[in-house]
Structures are given as structure tokens and as C-alpha cells.
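A look at the structure
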Amino acid sequence: MVIEKICCLGAGYVGGPTCSVIALKCPDITVTVCDKSEDRIKQWNSDKLPIYEPGLDDVVKTCRGRNLFFSTDIAKGIQEADLIFISVNTPTKIVGNGKGRAADLKYVESAARMIADLATSNKIVVEKSTVPVKAAEIIMKILRANTKPGVDYQILSNPEFLAEGTAIVDLIEADRVLIGGEETPEGQKAIQELCWVYEHWIPAKNILTTNTWSSELSKLAANAFLAQRISSINSLTAVCEATGADVAEVAKAVGRDSRIGPKFLEASIGFGGSCFQKDILNLIYLSECLHLPEVAAYWQQVLSLNEFQKTRFTRKVIESLFNTVTDKNIAILGFSFKKNTGDTRESPAIHVSKTLLDEGAKLHIYDPKVEPEQIYYELTGTYVKTEHENIKKCVEIHDTAYSAVTGAHAIVLCTEWDEFKELNFNKIYEVMMKPAYLFDGRKILDHEALQRIGFHVQTIGKRLARTGSIRAQGSLTMP
Ligand code: NAD
Ligand code: UDX
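Residues numbered from 1 in each chain as written. Chains lettered and ligands numbered in written order. Predicted model: local features only at pLDDT ≥ 70, side-chain atom pairs only at ≥ 80, totals over all residues.

This part covers the sheet that holds strand S10 (residues 362–366). An order of S11-S10-S9-S12-S13-S14 is seen for the six strands of this open sheet, with the pairing classed as parallel. A strand with exactly one partner marks an edge of an open sheet, and here the two such strands are strand S11 (395–397) and strand S14 (456–459). When strand polarity is set aside, the average angle formed by the axes of neighbouring strands in this sheet is 20°. By the bridge criterion, three bridges tie S10 to S11 in an arrangement that is parallel. Each bridged residue has a counterpart across the sheet, and for Leu363 the counterpart in S11 is Val395. (Pairing = 2+ DSSP bridges. Helix = DSSP H or I, 4+ residues; strand = E, 2+ residues; numbered from the N terminus. Axes fitted to C-alpha atoms, helices over the stretch in contact; angles between N-to-C directions.)

Structure (C-alpha cells):
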């Protein structure tokens with residue numbers, strides 16, 4: 001079969017950008033991205049896309065209406081497609097067996113059932129969502145138990161490795177594409193057909209083919225390894241602060257070892273995002289189910305350290321502010337889980353903000369890309385407006401960093417947006433309450449220059465020396 005039409009179920013952070021790039025690189029293929037959310041599809045068809053991702057607007061503008069379509073007509077999408085990506089969300093279960101750890105596969109299952117109900121011709125069904133090992137078996141069982149005459153299915157695993165904020169570059173210049181399938185002639189043929197799609201722009205040597213279970217496990221393993229590096233470097237931040245070592249220098253020295261490499265050693269207030277925690281929990285649950293408690297405990301420690309880091313940082317903020325933040329104005333700079341995205345899922349800024357709110361602080365939040373409703377949602381757990389009235393008394397969302405810091409007792413920098421490096425801190429110092437505190441949770445500012453202005457500065461993984469500035473009085477000692 002030559003693949004002429006692709007349908008993707010799920011127009012989210014993965015389905016949208018991935019299919020836009022496939023449409024860009026494969027003008028001979030028609031790509032339709034379907035979602036059950038009318039609102040989301042409306043946004044994909046508008047000038048303001050539902051997600052912010054550098055470069056995405058241009059790709060969508062080039063392809064939309066040509067060979068890229070966004071639609072809620074799931075039946076048509078499934079029926080016409082030769083190949084269907086399942087790119088729906090796979091959150092952690094919040095109720096029932098395995099709650100808090102196992103992946104909730106209800107959306108994957110519903111996507112498989114839709115395909116089973118609606119398909120009238122052969123389909124290659126591709127698991128793009130991140131799933132537990134053996135999830136393809138569930139899809140297979142649903143599809144094959146409902147096979148109609150003349151309809152045959154091949155199920156492939158093709159996990160996505162893009163990172164938000166760099167999704168378009170990650171997709172265009174992918175380190176590797178991974179495709180797993182059944183070790184039967186039909187399975188191998190389906191793998192080759194999907195390889196053909198990617199070979200439009202990915203060199204064949206960068207397309208890895210494996211069995212289905214290796215592919216599923218590799219995705220969980222890759223995220224676990226990445227998160228493990230962050231927890232490893234973050235664990236050393238506490239040691240650095242206590243000893244006088246500088247975590248940036250340690251990371252540089254360690255990363256120079258070609259066996260270790262320099263990437264993903266940026267100390268932070270903890271990792272966020274929709275994937276790391278969810279996928280490690282998934283791996284922990286799998287290990288427990290396989291009666292491997294030592295393996296589960298090993299990966300649990302990566303998450304525990306991440307919680308420790310978020311808590312440690314927030315505690316440092318509170319203790320430095322004379323152990324009371326009640327009624328103090330605190331400016332939170334950055335709310336997304338990393339720069340260049342408006343995504344707030346599992347953002348460490350949520351932990352910091354909630355803890356400060358619990359302590360009675362008044363927050364003034366600024367993020368260049370996160371919508372105010374999203375911030376209120378993360379802090380209250382609801383989009384309902386009336387529920388927001390109480391929180392609005394203690395949380396104000398600002399249009400600029402300068403407005404957020406005016407009258408603030410402290411600035412807490414949670415996201416490493418480039419524009420924060422360009423702020424005029426002389427001007428900011430003048431409009432803040434004194435002593436003016438600044439907590440750089442991302443290590444991106446020039447701390448010595450800030451101290452010279454008069455700020456009391458603390459950061460992650462480095463004990464800052466007290467400066468000689470006559471304006472800087474008060475203690476800089478670490479709690
Ligand atoms: P998302 O929540 O942004 O998007 C999922 C979309 O699927 C939603 O719009 C939802 O309405 C839709 N959906 C759910 N059930 C559906 C159905 N039956 N039919 C049609 N649409 C349906 O999620 P995401 O961030 O795009 O993640 C999708 C998957 O990709 C997850 O498994 C995730 O772990 C994985 N992943 C995410 C990233 C990332 O950076 N976000 C990276 C790699 C892998
Ligand atoms: C991650 C994986 O990188 C990607 O391959 C996978 O497909 C999805 O999950 P994402 O969560 O979008 O991508 O972003 P990533 O760049 O991995 O950052 C995750 C979190 O780790 C962010 O909060 C980031 O600030 C933090 N981080 C990253 C660090 O604290 N230090 C680092 O050195 C790198």
C-alpha cells in the first residue's frame with residue numbers, strides 16, 4: 001500500500017506539530033488532524049493556534065488547506081486514511097487501580113474503538129501517544145475482535161521524542177525516529193510503509209526499527225534517563241550551596257567527559273512538563289506489576305528528588321523573607337514549565353505559587369505566553385469564574401514584568417524566558433520594596449551585577465558572596 005492519506009486522532013502538542021511537519025515534508029500525502037474538541041479544531045483553523053511553538057505558525061500557514069486539514073469529522077478522517085496516528089492524551093490515572101501511577105488509557109481505548117467501528121478498509125494504526133509497554137496489545141485486541149470482512153489492521157509503535165519549545169526543529173532534524181512492529185511479514189511491511197513516510201526528510205540511517213515492546217519501553221526509558229540527569233544535577237545543588245562549589249562549574253566539568261556529555265545538566269527548581277513525571281510513574285507502576293520493587297524504588301527516587309528540589313527552593317524563599325510572607329507582594333516571573341512554550345502542565349511555578357499562597361502571600365505573576373485563565377486554572381483547579389473571585393484577591397496577573405515587580409518585596413524567577421535577562425534591573429530595584437530580594441530559580445541572571453545594584457540575591461547551586469554595595473545590607477546567608 002502506498003500511503004496517500006494520513007489521519008491523526010488528537011490535535012494536541014504532539015498531534016498538531018507532528019502532522020504539520022509531515023504535511024510540510026510530504027506534499028504527496030494528505031494529512032487530516034482530528035480532535036473531538038470543537039474548540040481546539042476551531043483554533044487550529046484560526047490565526048491564533050491553540051499552542052505556542054516557535055516556527056509552527058509558518059508551517060501551518062504553508063500547508064493548511066493544501067495537504068493539511070484540521071477537522072472534527074473523525075469518521076471521515078478514519079475512513080479515508082491509509083494510516084492513522086493515535087496521538088491522544090495518556091494522563092496518570094486519578095482513580096481506581098494504579099491511581100497516581102498507572103497511565104489512564106481510556107482515550108487510547110476510545111480511539112481504538114472508534115477505528116474499529118468506523119474503518120471500512122485496511123489500516124495501519126500507529127501508537128504515537130506515550131503508553132505503557134504492551135499497550136499495543138490492547139489496541140490490537142480491540143481492533144482484531146471487531147474486524148469486518150476485507151478490513152485488516154497492522155499496529156505499530158512510533159513514539160514521539162519532540163520537546164516543547166523546540167518541537168519544529170526536533171521534528172525536522174530528529175536525532176532518530178523509532179518504529180516498532182510485529183515480527184511477521186505483514187508487520188515488517190507496515191514498518192517499511194511508515195519508514196517511507198519519514199524518509200521524505202529523515203535519513204534512513206536515523207530511522208530505527210524494533211519490535212513493538214522495545215519501542216514502547218524505549219520511550220519511557222528515554223524520558224526516565226533525561227529526568228534522571230536533571231535530578232542528579234539538582235541533587236548536587238544542595239551540596240554546592242552548603243560547600244561553596246558552583247553547580248554550573250561542576251556541570252561543565254562533568255559534562256566535558258564525552259561519555260557523559262554536556263546536555264541536560266542545567267540545574268533548576270525542578271523539572272516540569274506533562275511527560276517526565278507521568279512517564280516515570282508509568283515505569284514505576286510497570287516495575288511494581290512485574291514484582292521488581294528495587295527497580296521501582298530506583299526510578300521513584302528521581303521523582304522524589306524533584307519534589308525535594310521544588311520544596312527546598314520555596315522554603316528558601318520563605319525563610320529568607322524573615323520566615324513570613326503573609327501579605328507580602330511577591331512577583332513570580334515565568335509560569336510555563338520551560339521557556340518558549342505556553343504550557344503549564346506540572347510547571348514548578350505552580351508548586352512555588354501554591355506554597356506562597358498557603359503562607360498568605362500576594363502574588364503578581366507575569367509570563368510572556370501563558371494566558372491568565374490558565375494560571376488561575378492551575379492555582380484553583382477550575383475554569384469557573386466565580387471560584388476565581390477569591391483567588392483574584394491574592395493573585396494578580398500582569399501584562400509586563402515591570403508591572404508585576406512594582407511594589408514587590410521579592411522577585412521569584414521560575415522560568416528561564418530570554419526576555420528576563422534583558423530587564424532593566426536598576427529600574428526594577430527603584431520600584432521595589434526594600435530590602436529587595438531576588439530568587440533566581442533558573443540561574444540565568446547576572447547575580448553580581450544585581451548585588452551591585454543592591455538586591456539580595458539567591459540562586460540555585462551557588463552560594464553568593466555578600467557584596468560590598470552600601471545599598472545591600474541585610475543577610476545573604478543561605479538558610
Ligand atoms: P494533549 O492533551 O495536548 O492532546 C491530546 C488531544 O487528544 C486532546 O486535544 C484531546 O481532545 C484529544 N483526544 C482525546 N481522545 C480523543 C479521541 N478519541 N479522538 C480524537 N481526539 C481525542 O496531549 P499531548 O501533549 O499532545 O500528548 C499526547 C501524547 O503524546 C501523550 O501520550 C504524551 O505523553 C505524548 N507525548 C507528549 C509530548 C509533549 O511534549 N507534549 C512529547 C512526546 C510524547
Ligand atoms: C520532554 C523530552 O525532552 C522529550 O524528548 C519528550 O518527547 C517529552 O518530554 P519537554 O517536557 O517538552 O520534553 O521539555 P524538556 O526540554 O525535556 O524539559 C522538561 C523539564 O526539564 C522542563 O521543566 C525544563 O526546564 C527542565 N530541565 C531541562 C531542567 O531543569 N534542566 C535541564 O538541563 C533540562
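Before going further, it helps to spend a moment on the site of ligand 1. With respect to spatial proximity, 28 residues lie near ligand 1, and among them Gly10, Gly12, Tyr13, Ser129 and Thr130 are the closest. Considering every element that reaches the shell around ligand 1, the biggest residue donor is helix H5 (residues 106–118), with four residues. (Near = placed C-beta within 6 Å.)

Attention shifts here to the packing of helix H9 (residues 212–243) against helix H10 (residues 247–255). The geometry of H9 relative to H10 is characterised by a closest axis approach of 9 Å and an angle of 135° between their N-to-C directions. If you check the angle between H9 and H10, you find them oblique. Here H9 and H10 pass one another in a crossing that is right-handed. Counting all contacts with H9, which are made through Ile233, Leu236, Thr237 and Cys240, the residues of H10 involved are Val247, Val250 and Ala251. For the contact of H9 with H10, a count of residues per class yields six nonpolar, one polar and no charged. (Parallel < 35°, antiparallel > 145°, perpendicular 65-115°, else oblique. Left-handed = near helix turned anticlockwise from the far one by under 90°. Contact = placed C-beta atoms within 7 Å. Nonpolar A, V, L, I, M, F, W, Y, C, P; charged D, E, K, R; others polar.)

Our next topic: the packing of H9 against helix H12 (residues 293–320). Here H9 crosses H12 at 45°, and the two axes come no closer than 9 Å. Classified by the angle between their axes, H9 and H12 sit oblique to one another. Crossing of H9 over H12 shows left-handed handedness. Contacts between H9 and H12 involve Ala224, Ala227, Gln228, Ser231, Asn234, Ser235 and Ala238 on the former and, on the latter, Trp299, Val302, Leu305, Asn306, Gln309 and Arg312. In the contact of H9 with H12, the residues fall into six nonpolar, six polar and one charged.

For the protein, the assigned domains read domain 1 (5–202) and domain 2 (211–479). Residue-level contacts link 29 residues of domain 1 with 26 residues of domain 2. Tallying contributions element by element places strand S7 (residues 177–181) first for the side of domain 1 that touches domain 2, with four residues. Classifying every residue of the side of domain 1 that touches domain 2 gives 16 nonpolar, seven polar and six charged. (Domains from an automatic or database assignment.)

Right, let's talk about the pairing of strand S4 (residues 83–86) for a bit. By the alternation rule, side chains of S4 split into Leu83 and Phe85 and Ile84 and Ile86, which are all buried. Taken together, the four bridges between strand S1 (residues 5–9) and S4 define a ladder with parallel strand orientation. Bridge pairing links Leu9 to Ile86 in S4. Inspection of the sheet shows S4 paired to strand S5 (residues 123–127) by four bridges, in the parallel sense. (Buried ≥ 20, exposed ≤ 12 C-beta atoms within 10 Å, placed from the backbone.)

Before going further, it helps to examine the site of ligand 2. Of all residues adjacent to ligand 2, which total 19 residues, the nearest are Glu266, Ser268, Phe271, Gly273 and Cys275. Per element, the largest residue contribution to the shell around ligand 2 is three residues, and it comes from H9. Of the residues that constitute the shell around ligand 2, the class distribution is 11 nonpolar, four polar and four charged. Counting the residues that make up the shell around ligand 2, at least three belong to each of domain 1 (5–202) and domain 2 (211–479).

As a further point, take the pairing of strand S12 (residues 410–413). Alternating residues of S12 divide into Ala410 and Val412 and Ile411 and Leu413, and every residue in both groups is buried. Both strand S9 (residues 329–333) and S12 contribute to a ladder of four bridges, which runs parallel. Each residue of the ladder has a partner; that of Ile330, found in S12, is Ala410. Relative to strand S13 (residues 437–440), S12 runs parallel, the two being bridged by four bridges. Pairing of Ala410 across the sheet is with Tyr437, part of S13. Regarding the hand of the β-α-β motif, the stretch spanning S12, helix H17 (residues 425–431) and S13 is right-handed. (Right-handed = clockwise from strand over helix to strand, strands pointing away.)

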